[in-house]
2 protein chains.
Amino acid sequence: MGSRPQTKGTKYGEISDDLRERIVSGEYPPGAQIPGEDDLMSEWGVARETARKALQVLRNEGLTEVHRGVGIFVRSFSRIRRDAVRRLSSEQWGGGRSIWDADVAERALDVEGVAVDEVKAPEDVARVLDLGPDAMVCRRSRRYVVDGTPVMTAVSYLPADIAAGTAIAEPDPGPGGIYARLADLGFAPAEFREEVVSRMPRPAEVESLRLDVGTPVITIARTAYAADGRAVEFNDMTLNAAAYVLDYRFSA
Amino acid sequence: MGSRPQTKGTKYGEISDDLRERIVSGEYPPGAQIPGEDDLMSEWGVARETARKALQVLRNEGLTEVHRGVGIFVRSFSRIRRDAVRRLSSEQWGGGRSIWDADVAERALDVEGVAVDEVKAPEDVARVLDLGPDAMVCRRSRRYVVDGTPVMTAVSYLPADIAAGTAIAEPDPGPGGIYARLADLGFAPAEFREEVVSRMPRPAEVESLRLDVGTPVITIARTAYAADGRAVEFNDMTLNAAAYVLDYRFSA
C-alpha cells in the first residue's frame, strides 16, 4: 500500500508525498519523466539537499529510476506477480507447462546462461537434501530476464542418484521442466517449502542482476519434497526485489 | 545459503569471503567483535578503502552491526522464523493462542503503542475490503518488539459494520486475538493471502523500526477471507528485513 504518506513533518517528506501521489494517481504514468532537483528547488523554494532527499525517497521505494544524464523517470517495469502456489501446482508442470508461464504470461522471457554439471554437494545443500558427506549433486544454474530486465538467478541442486544421466541433467529438460521429469522418475514433488529473506546485494549480484542503487535482493531457498518426504530438489534463488510481488495463499 | 562466496576476483571480496567463513563457522560467534578497518589493513596489507568495502559487504548481508565508537560485531539478534501457515492456522488462534506464540516462543515480545480508532476507509483499503466510498473501518495500529529490537509495525483494517462496538475495537481483544473474535461473530478467517514486497525504507520507517544503515524492509499486505469469500481484514505490515526469515509451505 505505497500510496499512504509516512514522512509527514519534514519538507522533503512533503515534497516526496506530493510526487508519490502524482505518480500513483497516474498524473506521471510509467515511463514519464518527473521533476528533477532544479525543478523542485524553484517550484518549492527549497535547497538542493532537500530536493535531493525528496527524490531519494521515491527511488528507495522503487517508484522511480535514474537515467544518467537524462533525468528521473517513473519506473516502467511492472512487477511480476509471483503466485507461488499456482505456479508450482502439479496442474502447471504436470500439464507440460513451464512454471514461468504463470508469472509472465505474455511478457518476453529469456532464460540465459543455462549451465548443468555434477559436483560434490556443498555442505548446506547436503544438509537440506539429507545426503552423505561425499554425495554428488546435479547442479543447474540459469538467469531469467523479463522484458530485457534480469529478474532472478537460480541454482538448483538435485541428488545425482536421481538425476544423473536423465533429462534433468540436460540443458533443456523438456515440457513441464525438471518437476515433470522428477514425476516421470517416480519422485513427483508433493510439498514445497520456500524460505524468504531480504538483504542488500553482494557486488556480484549487483552485476548479474544489473541492480539500481538502493535495490535490495530477495533470496528464496526452496526445497521440493516427494510424497514420502524425501527432499528431491533444493533451489537457491536470488531475485531483483524491485521486479517482484510474491503472492502466497493458504488456508486457516 | 549465505555461506557460499560470490565476490571472487576482487581483493575486498576475498577478505569478506574469509570473514564470512569465520562468522558462519562460529569462529566469531553472535555478539563477537570482528576485525575493524585498521586490523584488516595491517593483516591483509590493503588500503583503507579496500578494508571498508570488505566490511560493508558483510554489513549489507545483515551479518554484522556497527556499534558506533566501539567496533563491528556479529549480529546477535537471531532471525525470527515466521511460519506463515502454522501461525495463522485456526488451531492457533482458535485455541486462544496469540499467532505470535508460533514466531517467538520463549523470546521477549512487547507489543507497543496499540491504538484503535474508527476512520473512513482509505481508498486502497476500501478496494481490498470491497467497501463503498464512504464506508468506515476499525483501524488497529501497533509495533512489535522482540528482545528489545523493533521487528514490525502493523496496521489492520476491519469493516466497521463487523467490528465496531465489539472486542475487536478494544486495545486487548482477548485470547486468540482478533481472528478468534471474528470467529465468535461468524466471520472466522478461512483463507489468507500475503503479498510480499521488499524495498528500502522510508525515513519514518528507519525511525520506527530503528533500522541500521543498509537494511531493507519487507512489506506484507495480508487479506483474510471468511468462508463465503468476504474480505474481513486487511493488514498492512512493515518488517525489519534483518530480523526475519519468512517460511511458506504448500502442496504441489
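For the structure, check the block above.
Here's a quick rundown of the structure. Quick caveat: nothing in here was measured; it's all calculated off a predicted structure.

Basis of the calculations
Residues numbered from 1 in each chain as written. Chains lettered and ligands numbered in written order. Predicted model: local features only at pLDDT ≥ 70, side-chain atom pairs only at ≥ 80, totals over all residues. Heavy atoms only, no water. Buried < 20%, exposed > 50% of the residue type's maximum accessible area, 1.4 Å probe, protein only. Helix = DSSP H or I, 4+ residues; strand = E, 2+ residues; numbered from the N terminus. Pairing = 2+ DSSP bridges. Phe/Tyr/Trp six-rings, centres within 6.5 Å; stacked < 30°, edge-to-face > 60°. Lys NZ or Arg CZ within 6 Å of the ring centre and 35° of its normal. Contact = heavy atoms within 4.5 Å. Salt bridge = Lys/Arg side-chain N within 4 Å of Asp/Glu carboxyl O. Polar contact = N/O pair within 3.5 Å; in protein donor to acceptor, adjacent residues only side chain to side chain. Nonpolar A, V, L, I, M, F, W, Y, C, P; charged D, E, K, R; others polar.

All names here are of chain B. Most of strand E7 (residues 149–159) sits out of view: eight of its eleven residues are buried. In this sheet, E7 lies alongside strand E6 (residues 136–146) in antiparallel orientation, the contact comprising ten bridges. In the sheet register, Ser141 faces E7, and the bridge partner there is Val155. Linking E6 to E7, which pair antiparallel, is a turn of two residues; within it Asp147 sits at a positive phi near 50°.

What follows covers the packing of aromatic side chains. Applying the stated rule across the entire model yields 13 aromatic pairs over all chains. Consider the rings of Phe192 of chain A and Phe250 of chain B, whose centres lie 5.9 Å apart with planes at 35°: the pair is tilted. Here Phe192 of chain A is found in strand E8 (residues 189–199), whereas its partner Phe250 of chain B is found in strand E11 (residues 244–251) on a different chain. Accessibility expressed as a relative area gives 7% for Phe250 of chain B, which makes it buried. Members of the aromatic cluster, each reached through a chain of ring pairs, are Trp93, Tyr179, Phe192, Tyr248 and Phe250 of chain A together with Trp93, Tyr179, Phe192, Tyr248 and Phe250 of chain B. Across from the ring centre of Phe77 of chain A, 4.7 Å away, lies the NZ or CZ of Arg107 of chain A, which sits over that ring. Above the plane of the ring of Trp100 of chain B lies Arg87 of chain B, whose end atom (NZ or CZ) is 5.7 Å from the centre.

Of the residues lining the interface, 56 residues belong to chain B; the matching set on chain A comes to 56 residues. On inspection of chain B and its partner chain A, the count reaches six salt bridges. When the shortest N-O distance is used, the salt bridge between Glu61 of chain A and Arg202 of chain B registers 2.7 Å. Counting across the chain B and chain A interface gives 19 residue pairs in polar contact (both at pLDDT 80 or more). Residue contributions to the side of chain B that touches chain A peak at eleven residues, all from strand E8 (residues 189–199) of chain B. Classifying every residue of the side of chain B that touches chain A by side-chain character gives 30 nonpolar, ten polar and 16 charged. Summarising the sheet, strand E11 (residues 244–251) of chain A and E8 of chain B pair through six bridges and their orientation is antiparallel. Directly across from Leu246 of chain A, in E8 of chain B, lies its bridge partner Val196 of chain B.

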